[in-house]
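Chains, contacts and geometry: an overview
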Amino acid sequence: ELGPSSMLGGRGPTLSAADLEIFTACAAQIAEYLGQRRLSQRAAGAEQQAESERTRTALAAAAGRALSEGFDSAKRAVAALRAIPAVAREGEPIDTLERAVDRIGVLANQLEDVAKARAGALDVRIRQVDVAEVVAAALGELGPGNHAVNVVLPDDMPNVVSDAAVLTRVVTALAANAIRLSSPGGTPTIAATLCGDRVEIRFQAAEVEVHRLRGAD
């Protein structure tokens, strides 16, 4: 098997100038052939790797969609259960069920984000972002159900430098986590404050701080 370090050798009488020219031309042709073959092998390997990546992306997207559909159905089922007086009076079991369903929703969103990132659909676009708009969009992404959240934002809150879509997804995930950790009947809080040249967003559930998110203004 010829490789990059292979050498072409000849044996016999001393070559004339014309024969040496032919021999050198043959060596050049063989070297060019080997170079082209190595390039083809690399291209085939890259295509195989790309195909594997496309397969993983498709699987992540399919899993995310399946979980999202299951999450929506489960949320509707929980809402229907809450509408039954006998079930609603039990309180804690249905709250536990809803928190479990919310965790499935967070996982579905994360899987979809992974699929988008692998597909190159999450290109970061850094710009000035309104924190209030991000929080409002994030709460809207929590889906149906009882998602009471206390939001504390000062009127003079400056914009932050970030990618709005990515920041919204992060706030959505942390808000869902704060809701999940809240005690039954408790209301989690999202509070943003200006700390020097940075904006700090805190997520607090049942009077226990669970996450802190910082960003430059």
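Located above this text is the structure these notes cover.
Notes on the structure follow. (Residues numbered from 1 in each chain as written. Predicted model: local features only at pLDDT ≥ 70, side-chain atom pairs only at ≥ 80, totals over all residues. Heavy atoms only, no water.)

Turning next to the overall build of the protein. Counting its regular elements, the protein contains five helices and six strands. Helices and strands appear in the protein in the N-to-C order α-α-α-β-α-β-β-α-β-β-β. Burial status across the protein gives 26% buried among its 217 residues. Here the analysis covers contacts within the protein between residues at least 6 apart in sequence; of these, 65% occur between residues at least 24 apart. In the form shown here, the protein has an accessible surface area of approximately 13,800 Å², with 56% of it arising from carbon and sulfur atoms. (Helix = DSSP H or I, 4+ residues; strand = E, 2+ residues; numbered from the N terminus. Buried < 20%, exposed > 50% of the residue type's maximum accessible area, 1.4 Å probe, protein only. Contact = heavy atoms within 4.5 Å. Areas by Shrake-Rupley, 256 points an atom, 1.4 Å probe, with all protein chains shown as cover.)

What follows is about the pattern of salt bridges. For the coordinates displayed, the defined rule picks out three salt bridges. With its nearest N and O atoms 2.9 Å apart, the salt bridge here joins K75 to D102. Note that K75 is positioned in helix α1 (residues 17–82) and D102 in helix α3 (residues 92–118), a separation of 27 residues in sequence. With respect to class, K75 is no different from D102; both count as buried. A salt bridge links E200 to R202, with the nearest nitrogen and oxygen atoms 2.6 Å apart. (Salt bridge = Lys/Arg side-chain N within 4 Å of Asp/Glu carboxyl O.)

Okay, the nonpolar core next. With 24 residues, the main nonpolar core has V131, I190, I201 and F203 as its most contacted residues. Of all the secondary structure elements, the ones that give two or more residues to this core are α4 (131–140), α5 (164–181), β4 (189–195) and β5 (198–205). With eight residues, the single largest contributor to this core is α5. (Core = buried A, V, L, I, M, F, W, Y, C linked by side-chain atoms within 4.5 Å.)

Tracing the sequence through the fold places S162 in strand β3 (residues 160–162). Setting aside chain neighbours within four positions, we find S162 in contact with R125, I126, R127, V129 and L167.

Our focus in this paragraph is the pairing of β5. Summarising the sheet, β4 and β5 pair through seven bridges and their orientation is antiparallel. Residue pairing for β5: A191 is matched across the bridge by R202. The antiparallel pairing of β4 with β5 creates a hairpin that spans two residues between the two strands, and G196 there sits at a positive phi of about 65 degrees. (Pairing = 2+ DSSP bridges.)

Bridge count between strand β2 (residues 150–152) and β4: three bridges; the pairing is parallel. Within β4, the position partnered with N150 by the bridge is T189.

Moving on, we get to the packing of α4 against α5. Contact geometry for α4 and α5: axes closest at 8 Å, N-to-C directions at 55 degrees. Relative to α5, the element α4 lies oblique. Considering the relative orientation of α4 and α5, their crossing is right-handed. From α4, V134, A137, A138 and L139 reach across to α5, where they touch L167, T168, V171, T172 and A175. Of the residues belonging to the contact of α4 with α5, the class tally is seven nonpolar, two polar and no charged. (Axes fitted to C-alpha atoms, helices over the stretch in contact; angles between N-to-C directions. Parallel < 35°, antiparallel > 145°, perpendicular 65-115°, else oblique. Left-handed = near helix turned anticlockwise from the far one by under 90°. Nonpolar A, V, L, I, M, F, W, Y, C, P; charged D, E, K, R; others polar.)

Our focus in this paragraph is α4. For α4, every residue scored as buried is listed here: V131, V134, V135 and A138. Angular distribution of buried residues about the axis of α4 spans 95 degrees; they occupy a single face of the element. When the buried face of α4 is taken as reference, the exposed residues oriented beyond 90 degrees from it are E133 and G140. Check the buried side of α4 and you find it contacts β1 (127–129), β2, β3, α5, β4 and β5. (Arc of directions from axis to C-beta.)

A word on α5. Taking 1.5 Å of rise per residue, 18 residues should cover 26 Å, and α5 covers 26 Å from first to last C-alpha, within 8% of that figure. All of the buried residues in α5 are A164, L167, T168, V171, T172, L174, A175, A176, N177, A178 and I179. Sitting at the amino-terminal end of α5 is D163, which places a side-chain oxygen 3.0 Å from the backbone nitrogen of A165. (Expected span 1.5 Å × (residues − 1). Polar contact = N/O pair within 3.5 Å; in protein donor to acceptor, adjacent residues only side chain to side chain.)

What follows covers the environment of L167. When you line up the elements, L167 lands in helix α5. A relative accessible area of 13% means that L167 is categorised as buried.

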